[in-house]
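The residues making up each chain are set out below.
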Amino acid sequence: MVRDQSLCGSLNDEELLTLNRIGRQRRLARGETLVWAGEEAVVCANLLTGVLKLSATTADGREQIVGLLYPADFVGRPFAEEAEHSITALTDVELCVFPRKTFETALENHVRMERLLLRRTLAALDEARARMLLLGRKTAEEKVASFLLDMASHLGGPCKPGEASFDLPLTRAQIADVLGLTIETVSRQMTKLKRDGLIGLPSGRMVTIRDRQALQHRAEAA
């Protein structure tokens, strides 16, 4: 369950009651933006369903995706007056949203909850740094294989043992952006993995991991 994996899953009854009083459900349609970079940061949230992207705009006006958020991830930065990145829905999403200032007050009144959030934030930062380090050393095939395994771990539905199926929330162009590759390279590597029987591409953005162990082997940098 998402609640078990999220911040809420670690809270006691009193802390949960506090968040329930200030939180509200909010849905975003695919392509809708929760907050734009540079705007006042007015909300924090727990992501319940769907996928969000964090993006920045380069000096020449191009979008750069700097991170992805999945169910159970925390959204936003308490005690930050301004949003550092734009947060946009890659799929239809559902969130539990908290007014930032009210959430900050809740953290100040519940020190244990503040520490739990800090731990989750630091763990997410460590994970992101490790991913950046690995991707910087990987070949194109290793990057694409790693990306698909990461997607499967977050989005893969029930399937046969060793398999997983999911809809890619990103376009090939966005995947190329995340991995630092060209669209042509991403497409070529996906086709190669399909030809080798490691993945299936049934239709549209649907991906099926057919041999997780072999795909994991392809993902491992030498």
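In case you missed it, the structure is sitting above this.
Conventions we followed
- Residues numbered from 1 in each chain as written.
- Predicted model: local features only at pLDDT ≥ 70, side-chain atom pairs only at ≥ 80, totals over all residues.
- Heavy atoms only, no water.
- Axes fitted to C-alpha atoms, helices over the stretch in contact; angles between N-to-C directions.
- Helix = DSSP H or I, 4+ residues; strand = E, 2+ residues; numbered from the N terminus.
- Parallel < 35°, antiparallel > 145°, perpendicular 65-115°, else oblique.
- Contact = heavy atoms within 4.5 Å.
- Nonpolar A, V, L, I, M, F, W, Y, C, P; charged D, E, K, R; others polar.
- Pairing = 2+ DSSP bridges.
- Patch = residues over 30% accessible without salt bridge, like charges linked within 9 Å, V, L, I, M, F, W, Y side chains within 5 Å.
- Areas by Shrake-Rupley, 256 points an atom, 1.4 Å probe, with all protein chains shown as cover.
- Salt bridge = Lys/Arg side-chain N within 4 Å of Asp/Glu carboxyl O.
- Core = buried A, V, L, I, M, F, W, Y, C linked by side-chain atoms within 4.5 Å.
- Buried < 20%, exposed > 50% of the residue type's maximum accessible area, 1.4 Å probe, protein only.
- Expected span 1.5 Å × (residues − 1).

Caption draft 1: Structural context of the packing of helix 6 (residues 172–179) against helix 7 (residues 183–195). Packing of helix 6 against helix 7 brings their axes to within 8 Å, and their N-to-C directions diverge by 100°. For the element pair helix 6 / helix 7, the angle class is roughly perpendicular. Mapping the contact onto sequence places Arg172, Ala173, Ile175 and Ala176 in helix 6 and Ile183, Val186, Ser187 and Met190 in helix 7. Here the contact of helix 6 with helix 7 is composed, by residue class, of 6 nonpolar, 1 polar and 1 charged.

Caption draft 2: The pairing of strand 4 (residues 52–57), seen in detail. Both strand 4 and strand 5 (residues 63–69) contribute to a ladder of 6 bridges, which runs antiparallel. Counterpart to Ala56 in the pairing with strand 5 is Gln64. Count of turn residues in the strand 4/strand 5 antiparallel hairpin: 5 residues, of which Gly61 carries a positive phi of about 90°. Pairing of strand 4 with strand 7 (residues 86–89) involves 4 bridges; the strand directions are antiparallel. Directly across from Leu52, in strand 7, lies its bridge partner Ala89.

Caption draft 3: Just a nonpolar patch on the surface, in detail. Taken together, the side chains of Leu118, Leu122 and Leu125 make up a nonpolar region of the molecular surface, amounting to roughly 260 Å² of accessible area. Mapped onto the elements, Leu125 comes out in helix 4 (residues 111–137).

Caption draft 4: View of the nonpolar core. If you look at the biggest cluster of nonpolar residues, it comprises 30 residues, and the most contacted ones within it are Leu68, Phe147, Leu148, Phe166, Leu168, Ile209 and Leu215. Only strand 5, helix 5 (140–155), strand 9 (164–167), helix 6, helix 7, strand 11 (206–209) and helix 8 (212–219) provide two or more residues apiece to this core. Take this core: its biggest share by element is 7 residues, from helix 5. Those residues within four positions of Leu68 in sequence are excluded, and the remaining contacts are Leu52, Lys53, Asp73, Leu90, Phe147, Met151 and Leu170. By size, the runner-up hydrophobic cluster in this structure holds 16 residues, among which are Val35, Val43, Val75 and Val93.

Caption draft 5: Helix 7, seen in detail. Compared with an ideal rise of 1.5 Å per residue, which puts 13 residues at 18 Å, helix 7 spans 18 Å between its outermost C-alpha atoms and is within 8% of the ideal. Next to the buried residues of helix 7 lie helix 5, helix 6, strand 10 (199–200), strand 11 and helix 8. Downstream of helix 7 by a residue or two, Gly197 has a phi angle that is positive, lying close to 80°.

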